[in-house]
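Working through the structure, step by step
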Amino acid sequence: MNRFATILAGGGGTRFWPLSRQETPKQLLNISGNDIMLNDTIERFKGIIPQENTVIVTNRSQAVLMESIMHSSVSRKNILIEPVARNTAASILFAAFSIDKAHGDSLMVVLPSDHYITDEDQFRLTLDEACTVAMESDKIVTIGIKPTFPSTGYGYIAFDKEPLSTNPVAIYEVAEFVEKPSFKKAQGYLTSGNYLWNSGIFIWKTSVVIDNFKRYLPRLYKTMLPIRDCLGTEQEEEVINQIYPTLQSISIDYGILERSDDVVVLSGQFGWNDIGSWDALGAIFPPDEAGNIIKANHVGIDTHNSIIYGNGRLITTFGVDGFIIADTEDALLICPKDKAQSVKEIVDLLKERGMTEYI
């Protein structure tokens, strides 16, 4: 069975503002120092999925830049452009229809575009095991991450302690998906031993996920059928532009994963971080002796436990502890580190005030 990677790359990365913008979101930025995050994602599954079998779902505002900087092995024909955002369920069905129509029933691996992984060899091994499970069954397979601290910024997967199977790898039936918990609940999840972080990585046959859409999201499925029928024709763009604004906006988690009885999880330990906000930079760059992560032209006195990012202009600090300072050409962010998850509220406020040139 052919293997295809579907990378969801249409997000705005609003918690990484002001560095991440709608037309240049964090997945199109070089944050790690290696390559843009999208290309790091494509390079990461090399040897497990043919890189030319990469399908990318994005939006119109990002597509032009993406084509110019994207990994050379990926055909530009494999970029699926959504005219409006309608959450992850629509994006995944769009990709599943595209793969299934062109290649028949295939193995489909869904990956976010902006994760950071330190142990890529272990990631490939785990992904290959997950692919084998999905290929030999009609299960929806997800990879959970063994938590290392009580995170309130990640979703969690609760799983049954007794494995369904141990060949080729231990897999567990999913009991429930849990949204970002309070710190007290996260502590309980960590000590219980049967909760994993939700990585957002899913593996299934295209036939399996399409059948799940028929069953659990029939309205979305039926509304998108004309898109499937017109793929590869002259009417493709016109039909997509007509139908997409009418689609139900719902996540794959709410729409299918939380409803299906056929979801299994396997545990991954490969140094995973979703780099969702500024305070996650510690996963990439070790803090200095004062606890600071500094990527800027910076001079400071009595500055501790802070993240300072700049674009060349001198940043000076005095008596700063536990802050994020991010300076770009046209905008400056200053906020406490413990408010990093709330940076998107600034973007919402800018939208509300019509200051769209800054987002």
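Being a predicted model, the structure only gives us computed values, none of them experimental.

1. What about a negative patch on the surface?
- A surface patch of negative charge is lined by Asp160, Glu162, Glu173 and Asp261.
- Its place among the elements puts Glu173 in strand 8 (residues 172-178).

2. Quick word on the pairing of strand 16 (residues 323-327)
- Counted residue by residue, strand 16 has four buried out of five residues, so it is predominantly covered.
- Where strand 14 (residues 307-309) lies against strand 16, three bridges are found, and the strand directions are parallel. Across the sheet, Ile307 pairs through a bridge with Ile324, a residue of strand 16.
- Summarising the sheet, strand 16 and strand 17 (residues 332-336) pair through five bridges and their orientation is antiparallel. In the strand pairing of strand 17, Ala326 is matched with Leu333.
- Taken together, strand 16 and the strand that follows it, strand 17, pair antiparallel across an intervening segment of four residues.

3. Topic: the UniProt feature "domain: MannoseP isomerase/GMP-like beta-helix" (unreviewed entry) in the protein
- Mapped onto this numbering, the UniProt entry annotates "domain: MannoseP isomerase/GMP-like beta-helix" (unreviewed entry) at residues 297-349.
- Here residues 297-349 is 11% helix and 40% strand, with 29 Å between the C-alpha atoms at its ends.

4. Comments concerning the side chain of Asn53
- Take Asn53: it is sitting in the loop between helix 1 (37-44) and strand 2 (54-59).
- When residues no more than four places from it in sequence are discounted, the contact partners of Asn53 are Arg3, Phe4 and Ala5.

5. A look at the domain arrangement of the protein
- When cut into domains, the protein gives domain 1 (3-273) and domain 2 (278-358).
- Between domain 1 and domain 2, the C-alpha centre-to-centre distance is 29 Å.
- Taken together, the 13 residues of domain 1 in the interface contact 21 residues of domain 2.
- Overall, the association of domain 1 and domain 2 removes approximately 1,600 Å² of surface from exposure, summing both partners, and the carbon and sulfur fraction of that is 66%.
- Per-residue buried area on domain 1 facing domain 2 is highest for Arg15, Trp17 and Arg21; these three make up 40% of the total on that side.
- The interface formed by domain 1 and domain 2 includes one salt bridge.
- Linking Arg21 and Asp330 is a salt bridge whose minimum nitrogen-to-oxygen distance equals 2.7 Å.
- Counting across the domain 1 and domain 2 interface gives six residue pairs in polar contact (both at pLDDT 80 or more).

Basis of the calculations
Residues numbered from 1 in each chain as written. Predicted model: local features only at pLDDT ≥ 70, side-chain atom pairs only at ≥ 80, totals over all residues. Heavy atoms only, no water. Patch = residues over 30% accessible without salt bridge, like charges linked within 9 Å, V, L, I, M, F, W, Y side chains within 5 Å. Areas by Shrake-Rupley, 256 points an atom, 1.4 Å probe, with all protein chains shown as cover. Salt bridge = Lys/Arg side-chain N within 4 Å of Asp/Glu carboxyl O. Lys, Arg positive; Asp, Glu negative; His and termini not counted. Charge placed at Lys NZ, Arg CZ, Asp CG, Glu CD. Helix = DSSP H or I, 4+ residues; strand = E, 2+ residues; numbered from the N terminus. Buried < 20%, exposed > 50% of the residue type's maximum accessible area, 1.4 Å probe, protein only. Pairing = 2+ DSSP bridges. UniProt positions renumbered as here; feature names shortened; annotations may be inferred. Contact = heavy atoms within 4.5 Å. Domains from an automatic or database assignment. Buried area = accessible area lost by both parts, 1.4 Å probe. Polar contact = N/O pair within 3.5 Å; in protein donor to acceptor, adjacent residues only side chain to side chain.

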